Every structure is written in structure tokens, then in C-alpha cells.
Amino acid sequence: MIEKSLFRICENLSEFLEASPQDLFSMLEFPPDSSKGDRALPCFRFAKAMKKSPQDLASACKSILVRQELPLGIDRIETAGGYCNIYLKSSFVAKEVLEPLFSSPETYGHLIRDKAPVAVIEFSSPNIAKPFSIGHLRSTNIGASLSRIFQARGWKVIKINHLGDWGTQFGKLIAAYRRWGSADQLGEDPIRALFKLYVKFHEEEDKDATLLQEARENFAKLEKKDEEARELWQWFRDLTLKELKTLYDKLSIGFDYYWGESFYMDQIPDLIKTLQEKNLAQESEGALIVDLKDEGNGVALLRKGDESSLYLTRDLAAAIYRHQQFSFDQMLYIVGGEQQLHFKQLFSILKKLGQDWSDRCEHINFGQISFGDERMSTRKGNVVFLSDVLSRAKEMAQNIVREKNPELENIEDVAEQVSLGAVLFADLSARRAKSVKFSWEDILSFDGETGPYLQYAFVRTRSLLERYGKKPEMIEDFSQFQAPEEVELLRTLSQFSYALERAEKEREPFVVGQYLIEVTKRFNRFYQAVRILDTEAQQLKGRILLVFAASKVLESGMKLLGIPRPEKM
Ligand code: ARG
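Residues numbered from 1 in each chain as written. Predicted model: local features only at pLDDT ≥ 70, side-chain atom pairs only at ≥ 80, totals over all residues. Heavy atoms only, no water.

Participant: Kindly report on the overall build of the protein, identifying the contributing residues and their values.
Facilitator: Check the secondary structure of the protein and you find 21 helices and twelve strands. Judged by the C-alpha coordinates and their principal axes, the protein covers about 85 × 65 × 40 Å. Across the protein, the fraction of contacts at a sequence separation of at least 24, relative to all contacts at a separation of at least 6, is 73%. As presented, the protein carries roughly 26,300 Å² of accessible surface, and 47% of it is formed by carbon and sulfur atoms. (Helix = DSSP H or I, 4+ residues; strand = E, 2+ residues; numbered from the N terminus. Contact = heavy atoms within 4.5 Å. Areas by Shrake-Rupley, 256 points an atom, 1.4 Å probe, with all protein chains shown as cover.)

Participant: I'd like a rundown of the sheet that holds strand 1 (residues 39-42), residues and numbers included.
Facilitator: Hydrogen bonds along the backbone pair up the strands of a sheet, which may run parallel or antiparallel. One open sheet accounts for three strands, arranged 1-3-2; its pairing is antiparallel. Bordering the open sheet on either side are strand 1 and strand 2 (74-80), each of which pairs with just one other strand. Sheet twist, expressed as the average angle between the axes of neighbouring strands with direction ignored, equals 20 degrees. (Pairing = 2+ DSSP bridges. Axes fitted to C-alpha atoms, helices over the stretch in contact; angles between N-to-C directions.)

Participant: Kindly report on the pairing of strand 7 (residues 287-291), identifying the contributing residues and their values.
Facilitator: Among the five residues of strand 7, four are classified as buried, and the element is accordingly described as predominantly covered. By the bridge criterion, three bridges tie strand 6 (residues 282-284) to strand 7 in an arrangement that is antiparallel. Residue pairing in the sheet places serine 284 in a bridge with alanine 287 of strand 7. Across four bridges, the pairing between strand 7 and strand 8 (residues 299-303) is antiparallel. The residue of strand 8 that forms the bridge with isoleucine 289 is leucine 301. (Buried < 20%, exposed > 50% of the residue type's maximum accessible area, 1.4 Å probe, protein only.)

Participant: For the site of the ligand, give the residues involved together with the corresponding values.
Facilitator: Taken together, Glu122, Ser125, Asn127, His136, His162, Tyr311, Asp315, Tyr333, Val335, Gln339, His342 and Phe343 make up all the residues around the ligand. Here a nitrogen atom of the ligand and a side-chain polar atom of glutamate 122 are 2.8 Å apart. The separation between a nitrogen atom of the ligand and a polar main-chain atom of serine 125 is 2.9 Å. Broken down by secondary-structure element, the contributors of at least two residues to the shell around the ligand are helix 12 (311-326) and helix 13 (340-352). In the shell around the ligand, the residues fall into four nonpolar, six polar and two charged. (Near = heavy atom within 4 Å. Polar contact = N/O pair within 3.5 Å; in protein donor to acceptor, adjacent residues only side chain to side chain. Nonpolar A, V, L, I, M, F, W, Y, C, P; charged D, E, K, R; others polar.)

Participant: Outline the packing of aromatic side chains, listing residues and values.
Facilitator: Here the structure, examined in full by the defined rule, presents 33 aromatic pairs. Relative to tyrosine 527, the ring of phenylalanine 523 lies with its centre 6.0 Å away and its plane at 35 degrees, an arrangement referred to as tilted. Taken together, the positions of phenylalanine 523 and tyrosine 527, both in helix 20 (residues 509-529) and four residues apart, correspond to about one turn of that helix. Joined through ring pairs, the aromatic side chains of Tyr257, Trp259, Phe263, Tyr264, Tyr321 and Phe326 make up one cluster. Above the face of the tyrosine 498 ring, arginine 39 is positioned so that its terminal group lies 4.8 Å from the ring centre. (Phe/Tyr/Trp six-rings, centres within 6.5 Å; stacked < 30°, edge-to-face > 60°. Lys NZ or Arg CZ within 6 Å of the ring centre and 35° of its normal.)

Participant: So what's going on with the packing of helix 14 (residues 386-404) against helix 15 (residues 411-427)? Which residues, and what values?
Facilitator: Packing of helix 14 against helix 15 leaves a shortest axis separation of 8 Å and a crossing angle of 120 degrees. Taken together, the axes of helix 14 and helix 15 are oblique relative to one another. Seen along the crossing, helix 14 lies across helix 15 with a hand that is right-handed. Residue-level contacts link Leu390, Ala393, Lys394, Ala397, Gln398, Val401 and Arg402 of helix 14 to Ile411, Glu412, Val414, Ala415, Glu416, Val418, Ser419, Leu420 and Val423 of helix 15. Residues belonging to the contact of helix 14 with helix 15 are distributed by class as follows: ten nonpolar, two polar and four charged. (Parallel < 35°, antiparallel > 145°, perpendicular 65-115°, else oblique. Left-handed = near helix turned anticlockwise from the far one by under 90°.)

Participant: Talk me through the confidence of the model for the protein; I want residue IDs and the actual numbers.
Facilitator: Put simply, the protein has an average pLDDT of 93, and 97% of its residues get 70 or more. Every residue in residues 373-381 is under pLDDT 50, and counting partners more than four places away or in other chains gives 23 contacts. (pLDDT = per-residue confidence, 0-100.)

Participant: With reference to specific residues and values, describe the pattern of salt bridges.
Facilitator: Under the criterion given, the structure shown has 39 salt bridges. Between arginine 179 and aspartate 208 there is a salt bridge, with the nearest N and O atoms lying 2.7 Å from each other. On the criterion of sequence distance, the pair formed by arginine 179 in helix 7 (residues 168-180) and aspartate 208 in the loop between helix 8 (190-204) and helix 9 (209-223) is long-range, its members being 29 residues apart. For arginine 179, a relative accessible area of 34% gives the class partly exposed. Its relative accessible area of 22% is what places aspartate 208 among the partly exposed residues. (Salt bridge = Lys/Arg side-chain N within 4 Å of Asp/Glu carboxyl O.)

Participant: Any details on unusual backbone geometry? Residues and values, ideally.
Facilitator: Backbone geometry at glutamate 285 places phi at a positive 50 degrees, although glycine is not the residue there. With respect to the helices, strands and loops of the structure, glutamate 285 is situated in the loop between strand 6 and strand 7. What makes glutamate 285 exposed here is its relative accessible area of 81%. For arginine 507, which is not glycine, the phi torsion reads 50 degrees and is therefore positive. According to the relative accessible area criterion, arginine 507 is buried, its value standing at 10%.

Participant: With reference to specific residues and values, describe the packing of helix 20 against helix 21 (residues 537-561).
Facilitator: Contact pair helix 20 / helix 21: the axes reach a minimum separation of 10 Å and the direction vectors enclose 155 degrees. It follows from the interaxial angle that helix 20 and helix 21 lie roughly antiparallel. Like other packed secondary-structure pairs, helix 20 and helix 21 cross with a definite hand, here left-handed. Residues Pro509, Val512, Gly513, Tyr515, Leu516, Val519, Thr520, Phe523 and Phe526 of helix 20 form the contact with helix 21, whose participating residues are Arg543, Leu546, Val547, Ala550, Val553, Leu554, Gly557, Met558 and Leu561. Here the residues of the contact of helix 20 with helix 21 are counted per class, giving 14 nonpolar, three polar and one charged.

Participant: Kindly report on the nonpolar core, identifying the contributing residues and their values.
Facilitator: It is characteristic of soluble globular proteins that their nonpolar side chains tend to be buried jointly. Leu98 and Ile349 are the most contacted members of the largest nonpolar core, which has 193 residues in total. With 13 residues, the top contributor of residues to this core is helix 21. Leave out the neighbours within four places in its chain, and isoleucine 349 touches Leu275, Val290, Leu292, Ala300, Leu302, Leu312 and Leu316. (Core = buried A, V, L, I, M, F, W, Y, C linked by side-chain atoms within 4.5 Å.)

Participant: I'd like to hear about helix 19 (residues 496-506), residue by residue, with values.
Facilitator: An α-helical turn contains 3.6 residues, so any two residues separated by three or four positions project in the same direction. All buried positions along helix 19 are accounted for by Phe496, Tyr498, Ala499, Leu500, Ala503 and Glu504. Each element contacted by the buried residues of helix 19 is listed here: helix 1 (2-17), strand 1, helix 6 (134-152), helix 18 (484-493), helix 20 and helix 21. Of the residues flanking the end of helix 19, it is arginine 507, one or two places downstream, whose phi is positive at about 50 degrees.

Participant: An account of the sheet that holds strand 8 is requested, with residue identities and associated values reported.
Facilitator: The antiparallel open sheet is built from three strands, whose spatial order is 6-7-8. At either margin of the open sheet sits one strand with a lone partner, and together these are strand 6 and strand 8. Geometrically, the sheet is characterised by an average inter-axis angle of 45 degrees between neighbouring strands, direction not taken into account. Of the strands in this sheet, strand 6, strand 7 and strand 8 are in contact with helix 11 (residues 268-277), which crosses strand 8 at around 135 degrees.

As C-alpha cells, then:
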């Protein structure tokens with residue numbers, strides 16, 4: 001409805017500004033604060049062609065609009081600078097927010113489409129027998145959030161975990177295991193134990209030349225499906241996957257397919273043949289390459305001299321296979337920025353292969369984050385294990401929660417929820433491409449822009465509703481919200497769908513995070529400024545409904561970002 005009225009305004013200005021209503025509609029901005037209206041049409045773009053100043057144009061727009069009755073729900077039009085500002089009636093905003101939130105709170109702000117487009121989203125993709133790094137946490141968190149946001153925006157989403165379960169490192173691991181390993185060692189903490197073997201391999205390889213040779217042979221055997229090598233590999237993979245699934249459960253994340261790199265093995269020979277037939281790949285010093293230098297993407301290596309397949313080749317096979325299976329409208333790879341060249345090469349070779357859908361593939365990159373001053377690199381062994389980060393966070397959260405609310409019954413569970421909320425939200429608190437360093441104090445703070453800050457506001461809404469003791473009811477008089485804090489809160493709640501739309505378009509869960517911070521700020525101001533439970537009946541009914549609305553939007557947004565929602569804290 002708001003849309004309809006705003007579109008009418010654009011129709012009314014279309015002739016004068018010589019632009020289609022659709023164009024004008026897409027130009028509408030959200031002013032930074034409500035004193036400048038609910039939407040603003042910037043007139044700068046038209047100034048040159050129409051030989052008028054933006055200010056004059058804005059005034060002219062206003063006169064055109066006020067000449068006739070304003071569309072439903074529009075209160076008034078003002079101009080400021082080169083902007084034509086549109087003010088909505090607050091009773092209209094209240095109705096637009098409260099009715100749908102009351103009748104279908106779970107899908108408020110979501111987009112329902114007639115036909116769902118298909119998105120393949122590949123994320124997490126850790127490596128077998130190696131620690132789950134902070135980079136993998138970012139991929140997991142951003143990918144899972146984007147998947148949920150895309151679903152809320154009406155997409156059908158297929159989630160794939162492209163496990164790093166193939167490559168020469170498995171030859172090394174098998175060699176190391178045969179020399180130094182034992183089944184006992186892998187019992188309790190298999191990933192850590194396997195990783196230790198891997199690190200030991202790198203320490204020893206300089207001293208002992210036969211090691212590398214052995215590793216190479218092992219991997220060659222694996223590729224040729226040698227039974228013994230394959231059995232060890234399968235065992236390492238199973239052990240790692242079991243541990244990974246515990247983590248995904250903790251984060252409430254599921255995948256539709258665990259198609260790791262090994263899954264595509266049998267498709268590689270045909271792929272290589274096609275590449276050669278199409279004259280895309282050339283032999284060079286025994287290796288097979290694609291020269292992409294003229295487009296600035298270097299030389300892509302498809303097969304090494306020893307015939308073993310490579311990361312890029314497996315990605316080519318994976319992309320083609322996924323397209324055959326799902327004929328997706330969009331495929332997103334959630335992978336760190338350091339693999340940018342890899343994805344450029346991948347997409348470019350797909351295009352050269354005549355796969356015209358290659359421009360529907362996107363590398364959704366992200367920067368590095370760190371907690372404190374620890375940095376990550378798996379090769380040398382000075383890595384930060386995610387499990388360590390999470391237990392450290394939990395320990396700190398436990399102290400904070402105990403201090404704030406010593407009577408709380410299930411401190412341990414709440415601390416777990418708070419610590420996850422803190423870490424996951426911190427990860428989404430800046431645009432993904434940015435590299436950020438966090439301090440524990442900052443991300444666990446209850447009044448910064450943090451996960452616990454959102455959780456605390458959510459708990460507050462729940463406790464108000466609990467103390468009210470009845471089910472919230474629908475109201476009839478939407479003009480009862482007069483306090484500025486009520487109006488502002490309603491206005492913010494009305495913008496949920498736009499936040500989701502932007503997050504989808506920009507592939508930035510961060511946008512939803514920022515929006516939730518805004519909701520929380522508005523809610524807290526409302527909570528501090530107006531009486532809620534101790535006010536007269538009519539007002540009480542309206543305000544409780546507003547608390548319910550804020551609670552539902554917070555809940556729904558936090559769900560999208562995977563932030564746990566404690567009932568008490
Ligand atoms: N396993 C890789 C790593 O840990 C990430 C895989 C990214 N996805 C892909 N299709 N290449 O670096």
C-alpha cells in the first residue's frame with residue numbers, strides 16, 4: 001500500500017521530469033532522519049537537462065503534487081535543498097506495520113514471488129583434516145545468512161558445501177600417518193591430531209627427500225582408486241565430517257549437498273578432453289594450461305605434469321555439474337578475497353567453453369577478521385582453531401552474564417547463546433569485504449552495536465509480553481500513536497522489507513545487521529520514554545501490540561543472521 005501511494009506520486013511527476021514512474025520510484029531515498037520525511041526524491045539528476053537548479057525543480061515538483069489531492073496515506077510534501085521530501089501519515093504507517101505483523105508475523109517483510117528463481121549458494125567448504133579457520137567461519141556465517149535472506153526474498157536456495165576433500169595434501173597426510181600416526185591418536189580430537197601430522201610433514205620434508213616422493217605416489221594412488229589409500233582417505237574424511245556436523249548443528253546450519261572436491265573426480269577426464277578439443281588448453285612443459293594473460297588473469301593451471309588434477313579443474317567440473325543439475329539463475333561462491341584470481345580464471349574459462357550462464361556466477365568475497373592479535377595460517381601450525389575461539393567467547397560471556405544476572409537459572413546455556421551471538425554478529429558488523437580486528441570486550445558489550453545488545457532488547461520485549469500476561473490484540477484506532485518514540489519505532493519497523501531487499505541486492509547480510517541495530521535503538525528509546533504496562537487500557541493495548549511487533553521483527557531478523565534468541569539473560 002505504501003508502495004502504491006508512492007508510485008502514484010511518481011506517476012504524477014513523470015511528465016514534468018520526463019522520466020518513467022518506474023525510474024523515479026527507484027530513485028526514492030530514505031532520508032537519514034524523519035524530520036526530512038519518509039522518502040525523498042533527489043532532483044539533482046534532472047537539473048542539467050531542464051536547465052533549472054535542483055532547488056527550483058524540487059519546488060516545482062511540490063507545486064505539481066499539492067495541486068491535487070495527495071494519494072492515500074501521504075501527509076504532506078516539503079522541499080529541502082534539491083530534495084522533494086514525502087511525509088507519510090503516521091497512522092497509515094502504523095496500520096501498514098501492525099496489521100500484517102499481527103496476522104502473519106513469520107513472513108512479515110518477506111517477498112512472495114509467483115515463480116521462485118533458483119540460487120545455488122556454496123559456502124563454508126572447509127578442508128578435511130585441517131582446522132576450521134576464522135575464514136571458514138566467515139564463509140559459513142555469511143553464506144548461511146545470505147541463504148536465509150534469499151529465501152525470505154522468494155528464492156529457492158540450494159546450499160552446497162564444497163569440502164576440500166581432494167588434492168596433494170591427502171598424499172602428504174597418508175605418508176605422515178603411515179610414518180608417525182596411529183588409530184589411537186585420532187580418537188578424541190581427530191582434526192587436531194590430523195592437523196598435527198600435516199604440520200609434522202612440513203617440518204620433516206626438508207630433511208627427508210623421500211617424504212615428498214612418497215606423498216606424490218600416495219596421491220597418484222588415490223586418484224587411481226587404490227583401495228588401501230582410499231580407505232585411509234575415507235576414514236580421515238569421515239572423522240572430520242563428523243566433527244564438522246557437530247559445529248553446524250550448534251549453529252543450526254544445514255546443507256542440501258556435501259559435494260566435496262572428490263565428488264567431481266570422474267568428470268575430469270571428459271572435461272579435459274573438451275578443453276583440448278576446443279583448443280582452449282595447451283600443453284606447457286608437461287602441464288596443461290589455459291593462457292589468460294591477455295585479459296590480465298595470468299595462466300591457469302589445469303593439470304600438472306604428474307597427471308594429477310587441480311583445484312581449478314575440480315571447480316570447473318563442479319560448476320558445470322551444478323548447472324546441469326539445477327539450471328540455476330544465480331550461483332554464489334562465498335569465499336575469501338584472497339581467492340579472487342582463482343574465481344576470475346574459473347568464470348573466464350567457463351565463458352570460453354561457451355557456458356553462457358557463466359555470468360550468473362559470482363564470487364562473494366570477504367576480508368579477514370581477527371580477535372585480538374592472532375593471525376591465521378594453516379601451513380605453519382600457528383592457527384586459531386574456531387573451537388578455541390568459541391570456548392574463549394563462552395567463558396567470557398559466562399562471567400558477564402553471571403555478573404549481570406546472578407539469579408539466572410541456566411547460566412551456561414545463556415552464555416553459550418550470548419557468546420555465539422557476539423561472535424556471529426561481530427562477523428556481520430561491517431561490509432564483508434572489509435578486514436576487521438575485534439577486541440573481546442567490544443563484541444561482548446551489552447550496549448555497543450553487538451549481538452548481545454540485540455539479544456538484550458529481544459529479552460526485554462519478551463519479558464514485557466510475559467508480564468502483560470495476555471495475548472496481544474489487534475487495535476482499531478491507528479492514530480493513537482502520538483509520542484515521537486512510537487512514531488519513530490513504527491517507521492523503522494515499516495522498513496524491514498527494504499533492508500532485506502538491499503541485503504539481497506548487495507549480497508550483504510551486514511545490511512540486516514545494521515537494520516536490527518536501528519530497531520533496537522528505536523525500541524530502547526520507546527521503552528525509556530513511554531509508559532507501557534502502567535497506562536490506561538486503550539493505550540496499553542496499542543503499546544503492547546507495538547512491543548509485540550518490535551519483538552517479532554527482531555526475532556525474524558536475528559533468525560536470518562543466525563543469532564540465538566535467549567528468553568532471559
Ligand atoms: N576449501 C577451500 C579453502 O578452504 C575453499 C573452497 C571454496 N570454494 C570453491 N568452489 N573453490 O580454501
